[in-house]
Amino acid sequence: MERVSGERDVATIIAIALIASVLGNLLHEGVGHGGACLLTGGHARVLSTVHFECSQDSRFISAGGTLVNGIAGFLCWVALRFANQAHGRLRYFLWLLMTGNLLSAGGYFMFSGIGNFGDWADVIRGLSPPWLWRVGLTLLGVVSYLSAVWLALRELRPFLAERDWRRGGAKDLTIIPYITGGVLSTVAGILNPVSWILVPLSAAAASFGGSSGMAWMTQYLGTRFAPRIPTEPFKLQRSRAWIIAALVVAALFIGVLGPGIRFL
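Predicted, not measured: the structure shown is a model, and the values here were computed from it. (Residues numbered from 1 in each chain as written. Predicted model: local features only at pLDDT ≥ 70, side-chain atom pairs only at ≥ 80, totals over all residues. Heavy atoms only, no water.)

Counted by the stated rule, this structure contains 7 salt bridges. One network of salt bridges, in which partners are shared, links Arg 8, Asp 164 and Asp 172. (Salt bridge = Lys/Arg side-chain N within 4 Å of Asp/Glu carboxyl O.)

Written out as structure tokens, the structure reads:
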């Protein structure tokens, strides 16, 4: 069965991607780093889209963002188990949030292991021998990233129509959110209160780099990595509510969280 043109509305896909991207960022910076800061007796100083500043430093605070991303991704996967009969837009939002969080977690491990920069470079700093910790971190990143891609592809299958099973199909469900999240994070990151260097090293790297699996994962649809299953056309009709909510959320993300929020 061929997918009818317009059955999946691009504006609504962008809207859902914007909200999922913002929520993923808040989970990492605010809930992850911020929560770890409060749990260890610290005080929040600055929260932006690319960094969180605590009154104290610890390995736990540095690791908090990635840990929360991983937990959130798992919870979204569990939620998908109970959302089979839910509205398609909600299910797709859960899939995007799951995928973004899990790819972000795996990406941070690789990024810090290879580049010796970022959250997990701070976690392993001072541990010996440093080369062994970096190699281990890199390998953990590769395994967790590929596992996230595998899970995301398998959970993507119920959203596919017949024509999406061709090699590299379903790009509207993966490439559009990938570009949307990357552009949003980069634009907001330009306004960060620390330094312009965080734009390529954090905003762009975490979004375009960390989520890059979404740009190529559909090449493996129908392979042993993601075997074909019977599917019906996935309808995602235009939703003014999602679009309006996304515009408001994106504006606040860029205009308020971009320059950073300073706490007393």
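Another aspect to go through is the packing of helix H2 (residues 59–81) against helix H3 (residues 88–115). Axis separation between H2 and H3 bottoms out at 8 Å; the angle between their running directions is 150°. The pairing of H2 with H3 is recorded here as roughly antiparallel in orientation. Considering the relative orientation of H2 and H3, their crossing is left-handed. When H2 is examined against H3, the residues Thr 66, Asn 69, Gly 70, Ala 72, Gly 73, Phe 74, Cys 76, Trp 77, Ala 79 and Leu 80 are found in contact with a partner set consisting of Arg 91, Leu 94, Trp 95, Leu 97, Met 98, Asn 101, Leu 102, Ser 104, Ala 105, Tyr 108 and Phe 109. Here the residues of the contact of H2 with H3 sort into 14 nonpolar, 6 polar and 1 charged. (Axes fitted to C-alpha atoms, helices over the stretch in contact; angles between N-to-C directions. Helix = DSSP H or I, 4+ residues; strand = E, 2+ residues; numbered from the N terminus. Parallel < 35°, antiparallel > 145°, perpendicular 65-115°, else oblique. Left-handed = near helix turned anticlockwise from the far one by under 90°. Contact = heavy atoms within 4.5 Å. Nonpolar A, V, L, I, M, F, W, Y, C, P; charged D, E, K, R; others polar.)

Turning to the sheet that holds strand E2 (residues 52–54), a few remarks are in order. The sheet built from 3 strands is open, its strands ordered E2-E1-E3 with antiparallel pairing. The sheet is open, and its two borders are formed by E2 and strand E3 (261–262), each paired with just one other strand. Where strand E1 (residues 44–47) and E3 come together, 2 bridges link them in antiparallel fashion. Counterpart to Leu 47 in the pairing with E3 is Ile 261. (Pairing = 2+ DSSP bridges.)

Let us now look at the packing of aromatic side chains. Under the criterion given, the structure shown has 11 aromatic pairs. Taking the centre distance of 5.9 Å and the plane angle of 35° together, the rings of Phe 74 and Trp 77 count as tilted. Note that Phe 74 and Trp 77 are positioned in helix H2 at a spacing of 3 residues, about one turn of the helix. By relative accessible area, which is 48% here, Phe 74 ends up partly exposed. Aromatic pair Tyr 92 and Phe 234: ring centres 6.4 Å apart, planes at 50°, arrangement tilted. Of this pair, Tyr 92 sits in helix H3 while Phe 234 sits in the loop between helix H8 (213–216) and helix H9 (240–257); the two residues are 142 residues apart in sequence, bridging distant segments of the chain. Accessibility assignment for this pair places Tyr 92 and Phe 234 in one class, buried. One aromatic cluster is present, built from ring pairs that chain together Tyr 92, Trp 95, Phe 159 and Phe 234. (Phe/Tyr/Trp six-rings, centres within 6.5 Å; stacked < 30°, edge-to-face > 60°. Buried < 20%, exposed > 50% of the residue type's maximum accessible area, 1.4 Å probe, protein only.)

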